[in-house]
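Chain residues, written in single-letter form:
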Amino acid sequence: MAQLWGGRFTKETDQLVYNFNASISFDQKFFHQDVKGSKAHVTMLAKQGILTEAERDEIIGGLDSIVADVDEGKLEITSEYEDIHSFVEANLIERIGDTGKKLHTGRSRNDQVALDMKLYVRDEVEELDHLVKQLLTTLNGIMEENLHTYMPGFTHLQKAQPITLAHHMGAYFEMFKRDRSRLFDIRSRMNLCPLGSGALAGTTYPLDRAYSARLLEFDGPTLNSMDSVADRDYVIELLSALSTIMMHLSRFSEEIIIWNSNEYGFVEIDDSYSTGSSIMPQKKNPDIAELVRGKTGRVYGALMSLLTTMKGLPLAYNKDMQEDKELTFDAIDTVKGCLALFDGMLSTMKFRKDVMEDSAKHGFTNATDAADYLVNHGVPFRDAHGIVGKLVLYCLEKKIALDDMTLEEYKKISPVFEEDIYQAIRIRTCVEKRMTLGAPGAEMMAQIVEENKKYLEEK
Ligand code: ARG
């Protein structure tokens with residue numbers, strides 16, 4: 001047991017208590033951030049004359065050697081230490097002696113852990129952003145190639161109106177674009193440095209908190225030392241943004257699972273992204289999409305868990321807050337994995353354009369356009385709706401599409417129909433006529449694809 005306290009204790013900590021309290025098994029994840037924070041702290045201490053320059057250099061040299069040894073596998077982070085802060089400090093003292101004991105001057109583990117978690121989350125937000133951006137790039141590529149790939153659009157999972165694959169992918173582009181802007185907001189709001197807040201009430205040393213903040217690339221220091229050590233809002237915001245990313249990935253997964261089913265056959269997931277069955281030789285399963293959908297619950301769970309942990313905590317630091325780590329690390333790793341795999345699955349997936357177009361033709365997705373045809377010929381919309389309803393009934397009985405009816409059959413239901421009805425209800429016409437901003441018409445979608453490209457270049 002190596003711990004940073006014990007002076008006022010007369011008995012050894014019970015081993016079970018020690019194990020229950022320890023966090024090294026998970027907080028070693030921010031080992032590099034912990035050292036980075038310590039280096040900034042001693043640099044500031046030396047600038048303020050609290051440490052000498054020689055002491056600063058000795059400590060920084062010691063810290064660098066610890067990092068090098070851990071990275072090269074020469075030094076192992078073990079459960080012999082209570083947490084990552086103790087591991088670093090104990091090793092530093094072992095290497096450079098008494099000067100190492102000055103590292104923690106004017107600092108508490110409370111502001112230290114607040115800083116480490118912020119540095120870690122900030123780094124991860126950047127990685128998450130790259131992954132979401134990669135997915136957006138893949139999506140826009142699919143959009144550009146499929147401006148004329150017709151498919152049914154659904155409401156209530158019933159074929160509704162014809163759209164294009166570009167339009168459908170474009171909906172996901174908007175969702176993931178919002179996800180990126182959420183990550184951006186979190187990054188800007190959280191970027192204030194808690195270092196120098198001490199245990200809760202600052203410190204009597206003349207620290208230059210603005211200087212440490214600058215060294216660590218924060219926009220400035222936090223303004224209340226109690227809030228600094230007790231704030232986990234940014235973690236909750238991140239878990240909320242991650243939950244939304246997972247909700248989007250999960251909806252997308254669900255669609256891919258449906259599209260990949262034997263009944264739909266809209267897509268074929270690449271062999272490298274599907275799995276087989278141990279008993280049924282014919283099977284090729286969409287496991288990646290199912291796992292992404294499944295893991296969504298786990299990320300939502302992390303959000304609920306931390307909100308619940310924080311809800312009853314009096315100011316300032318409480319040990320409950322140590323519970324923020326495992327679930328946040330797990331949620332971040334889960335989302336990163338899901339984003340990367342999903343992108344791989346999507347970019348290798350084959351879209352069966354003929355099946356999609358055929359499906360659009362055979363689901364009366366052009367019924368609205370048939371009604372619009374009548375309206376354009378002077379029939380009030382409500383009557384047109386009823387007439388087309390009759391057409392649909394007729395087709396259902398005969399098991400044919402609207403396009404397959406003869407003009408004579410049309411005229412029997414309404415004399416308004418003429419030869420040009422066929423042109424009006426062609427899937428292609430139905431889509432291309434939809435030219436309002438945000439609609440699936442290819443000309444409009446091509447403009448959106450260009451805007452997306454500009455966005456991806458700029459941000
Ligand atoms: N492992 C602790 C955490 O994650 C570090 C802070 C400990 N502070 C304390 N006063 N016990 O929150």
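This is a predicted model, so every value here is computed, not measured. (Residues numbered from 1 in each chain as written. Predicted model: local features only at pLDDT ≥ 70, side-chain atom pairs only at ≥ 80, totals over all residues. Heavy atoms only, no water.)

### Describing the site of the ligand
Inference 1: With respect to spatial proximity, the complete set of residues near the ligand consists of S23, R109, N110, V113, Y317, Q322 and K325.
Inference 2: For the ligand, a nitrogen atom lies 2.9 Å from a polar atom in the side chain of N110.
Inference 3: Top contributing element to the shell around the ligand by residue count: helix 6 (residues 109–145), with three residues. (Near = heavy atom within 4 Å. Polar contact = N/O pair within 3.5 Å; in protein donor to acceptor, adjacent residues only side chain to side chain. Helix = DSSP H or I, 4+ residues; strand = E, 2+ residues; numbered from the N terminus.)

### Notes on empty space enclosed by the protein
Inference 1: Taken as a whole and judged by the stated rule, the model has one cavity of 30 Å³ or more.
Inference 2: Computed from the structure, the largest cavity encloses a volume of approximately 30 Å³.
Inference 3: Looking at the largest cavity, the residues that line it are F154, L157, E255, I258, W259 and Y264.
Inference 4: The dominant element in the lining of the largest cavity, judged by the number of residues it contributes, is helix 10 (residues 233–260), at three residues. (1 Å grid on protein atoms, 1.4 Å probe; cavity = no way out; pocket = protein on both sides within 12 Å on 5 of 7 lines; lining within 4 Å. Points joined across faces, edges and corners; volume = space filled by probe spheres on them.)

### Overview of the environment of L327
Inference 1: Note that L327 resides in helix 12 (residues 324–348).
Inference 2: Sequence-distant contacts of L327, defined by excluding residues within four places in its chain, comprise L239, A302, S305 and L306. (Contact = heavy atoms within 4.5 Å.)

### What about the nonpolar core?
Inference 1: F31, F87, L242 and L249 are the most contacted members of the largest nonpolar core, which has 96 residues in total.
Inference 2: Among the elements that make up this core, the one with the highest residue count is helix 10 (15 residues). (Core = buried A, V, L, I, M, F, W, Y, C linked by side-chain atoms within 4.5 Å. Buried < 20%, exposed > 50% of the residue type's maximum accessible area, 1.4 Å probe, protein only.)

### Here we look at the side chain of D69
Inference 1: With respect to the helices and strands, D69 occurs in helix 4 (residues 53–71).
Inference 2: For D69, a relative accessible area of 18% puts it in the buried group.
Inference 3: Residues in contact with D69, not counting those within four places in the same chain, are K74, L75 and R95.

### Looking at the side chain of D231
Inference 1: Structurally, D231 can be placed in the loop between helix 9 (225–230) and helix 10.
Inference 2: No salt bridge forms around the buried D231; measuring N to O, its nearest opposite-charge neighbour K118 is 4.5 Å away.
Inference 3: For D231, the side chain forms a polar contact with the main-chain nitrogen of D233, separated by 2.7 Å. (Lys, Arg positive; Asp, Glu negative; His and termini not counted. Salt bridge = Lys/Arg side-chain N within 4 Å of Asp/Glu carboxyl O.)

### Things to note about the packing of aromatic side chains
Inference 1: This model, assessed by the stated rule, comprises 13 aromatic pairs.
Inference 2: Considering the side-chain rings of F154 and Y264, the 6.2 Å spacing of their centres and the 45 degrees angle between planes classify their relative orientation as tilted. Here F154, found in strand 1 (residues 150–155), pairs with Y264, found in the loop between helix 10 and strand 3 (267–268); they are 110 residues apart in sequence, far enough to count as distant.
Inference 3: By relative accessible area, which is 23% here, F154 ends up partly exposed.
Inference 4: Consider the rings of Y410 and F417, whose centres lie 4.8 Å apart with planes at 55 degrees: the pair is tilted.
Inference 5: Classification of Y410 as buried rests on a relative accessible area of 0%.
Inference 6: Overall, F417 belongs to the buried group, its relative accessible area being 0%.
Inference 7: One aromatic cluster is present, built from ring pairs that chain together F154, W259, Y264 and F266.
Inference 8: The ring of Y234 has K118 sitting right over it, with the charged end atom 5.5 Å from the ring centre.
Inference 9: One residue, K177, lies across the ring of Y455, its end atom 5.1 Å from the ring centre. (Phe/Tyr/Trp six-rings, centres within 6.5 Å; stacked < 30°, edge-to-face > 60°. Lys NZ or Arg CZ within 6 Å of the ring centre and 35° of its normal.)

### Overview of the pairing of strand 2 (residues 158–164)
Inference 1: Of the pairings in the sheet, the one linking strand 1 to strand 2 comprises six bridges and is antiparallel in character. Its bridge partner being in strand 2, T155 is matched across the sheet by Q158.
Inference 2: Joining the antiparallel neighbours strand 1 and strand 2 is a turn of two residues, in which H156 adopts a positive phi near 55 degrees. (Pairing = 2+ DSSP bridges.)

### Remarks on the pattern of salt bridges
Inference 1: The tally for this structure, following the rule as stated, stands at 27 salt bridges.
Inference 2: In this structure, K74 engages E72 in a salt bridge whose closest nitrogen and oxygen atoms are separated by 2.9 Å. Exposure class is identical for K74 and E72. Each is exposed.
Inference 3: A salt bridge links D324 to K325; the nearest nitrogen and oxygen atoms lie 2.8 Å apart.

### Describing a nonpolar patch on the surface
Inference 1: On the surface, a cluster of nonpolar side chains totalling about 270 Å² of accessible area is made up of L4, W5 and F9.
Inference 2: For L4, the position within the fold is in the segment before helix 1 (15–21). (Patch = residues over 30% accessible without salt bridge, like charges linked within 9 Å, V, L, I, M, F, W, Y side chains within 5 Å. Areas by Shrake-Rupley, 256 points an atom, 1.4 Å probe, with all protein chains shown as cover.)

### A look at helix 3 (residues 31–47)
Inference 1: Here helix 3 contains 17 residues, and its C-alpha end-to-end distance of 25 Å stays within 8% of the 24 Å for a straight helix at 1.5 Å per residue.
Inference 2: A positive phi of about 75 degrees marks G49, the residue just after helix 3. (Expected span 1.5 Å × (residues − 1).)

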